[in-house]
Amino acid sequence: MTCRDARTLFSARLDGRLGPDEARALDAHLAACAACRGELARWEAAAGALRAAGPTPVPPSLAERAFRAATRAERPAPVAGFLPAGRKAALAGALAAAAVWIAALATGAAPRPAPADAGQDPIEVAVLLWTAEGER
């Protein structure tokens, strides 16, 4: 058992939820690992302090206020000019695509035709592409 494995079992040990096999494996690891023994001691001290504090009283109106908030039919009105992040991203993408199309139409750029012969010499294709770039 590694230290990481042992530390994942600390909470279950404090709550008495460890099975016999897990308890034996954890005990064997703790016998050999001073760092995990110290860490478990800190966990036990914290758990003991929390248990000693006892239950925390809940304000009597908390449940009612929480229920009203969860079932309220009225939702707050969105702030003017506010767009959720997903809609902002979609709008930005649409505007960028429109700008690219407008720029392409304004410059008269046309898509380059694919080479007619797929078996064409790669050097020839490179020269054609290089000379086509110089025409811009």
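Just so it is clear, the structure is predicted and the values come from calculations on it, not from any experiment.

K.L.:
Explain the nonpolar core here, please?
P.N.:
Grouped burial of nonpolar side chains is what soluble globular proteins tend to show. Listed in full, the 10 residues of the largest apolar core are Ala6, Leu9, Phe10, Ala12, Leu18, Leu26, Leu30, Cys33, Cys36 and Leu40. Counting residues per element, the ones that place at least two in this core are α2 (10–15), α3 (20–32) and α4 (34–53). What leucine 18 contacts, discounting residues up to four positions off in sequence, is Leu9, Ala12, Arg13, Ala23 and Leu26.

K.L.:
Whenever I open this one, the pattern of salt bridges confuses me. Can you help?
P.N.:
Note that side chains of opposite charge can pair when their charged atoms are close. On inspection of all chains with the given rule, the structure shows six salt bridges. For the salt bridge of arginine 13 with aspartate 27, the shortest nitrogen-to-oxygen distance reads 2.6 Å. With arginine 13 in helix α2 and aspartate 27 in helix α3, this residue pair connects regions lying 14 residues apart in the sequence. For arginine 51, the salt bridge identified is with aspartate 15, shortest N-O distance 3.6 Å.

K.L.:
Hey, could you run me through the packing of α3 against α4 in this one?
P.N.:
The description of two helices packed together rests on the angle between their axes and the distance between the axes. Contact geometry for α3 and α4: axes closest at 5 Å, N-to-C directions at 110°. Put simply, α3 runs roughly perpendicular to α4. Together, His29, Leu30, Ala31 and Ala32 of α3 and Ala34, Cys36, Arg37 and Leu40 of α4 make up the contact between the two elements. Its residues assigned to classes, the contact of α3 with α4 comprises six nonpolar, one polar and one charged.

K.L.:
Help me out: how do you make sense of the state of the cysteines in this one?
P.N.:
In a disulfide, the sulfur atoms of two cysteines are held together by a covalent bond. Under the definition given, this model contains zero disulfides. Unpaired in terms of disulfides, cysteine 33 finds its nearest cysteine sulfur in cysteine 3, a separation of 3.6 Å.

K.L.:
Looking at this structure, I do not really get the side chain of histidine 29. What am I missing?
P.N.:
With respect to the helices and strands, histidine 29 occurs in helix α3. Accessibility expressed as a relative area gives 11% for histidine 29, which makes it buried. Once residues within four sequence positions are removed from consideration, histidine 29 is found in contact with Met1, Thr2, Cys3, Ala6 and Cys36.

K.L.:
Would you take a moment to explain helix α6 (residues 85–107) for this structure?
P.N.:
Each full turn of the α-helix corresponds to 3.6 residues, which orients residues three or four apart in the same direction. Relative to the 33 Å expected for 23 residues at 1.5 Å per residue, α6 spans 33 Å between its end C-alpha atoms, a close match to the ideal helical length. The buried count for α6 comes to zero of 23 residues, which makes it a mostly uncovered element.

K.L.:
Even after reading the chapter, I still don't get α3, so can you show me in this structure?
P.N.:
With 13 residues, α3 ought to run about 18 Å at 1.5 Å a step, and its terminal C-alpha atoms sit 19 Å apart, in line with that. Taken as a whole, α3 has its buried residues at Leu26, His29 and Leu30. Down the axis, α3 shows its buried residues gathered within 100° of arc, on one side only. Away from its buried face, by an angle of more than 90 degrees, α3 presents the exposed residues Pro20, Asp21, Arg24, Ala28, Ala31 and Ala32.

Calculation criteria
Residues numbered from 1 in each chain as written. Predicted model: local features only at pLDDT ≥ 70, side-chain atom pairs only at ≥ 80, totals over all residues. Heavy atoms only, no water. Core = buried A, V, L, I, M, F, W, Y, C linked by side-chain atoms within 4.5 Å. Buried < 20%, exposed > 50% of the residue type's maximum accessible area, 1.4 Å probe, protein only. Helix = DSSP H or I, 4+ residues; strand = E, 2+ residues; numbered from the N terminus. Contact = heavy atoms within 4.5 Å. Salt bridge = Lys/Arg side-chain N within 4 Å of Asp/Glu carboxyl O. Axes fitted to C-alpha atoms, helices over the stretch in contact; angles between N-to-C directions. Parallel < 35°, antiparallel > 145°, perpendicular 65-115°, else oblique. Nonpolar A, V, L, I, M, F, W, Y, C, P; charged D, E, K, R; others polar. Disulfide = S-S within 2.5 Å. Expected span 1.5 Å × (residues − 1). Arc of directions from axis to C-beta.

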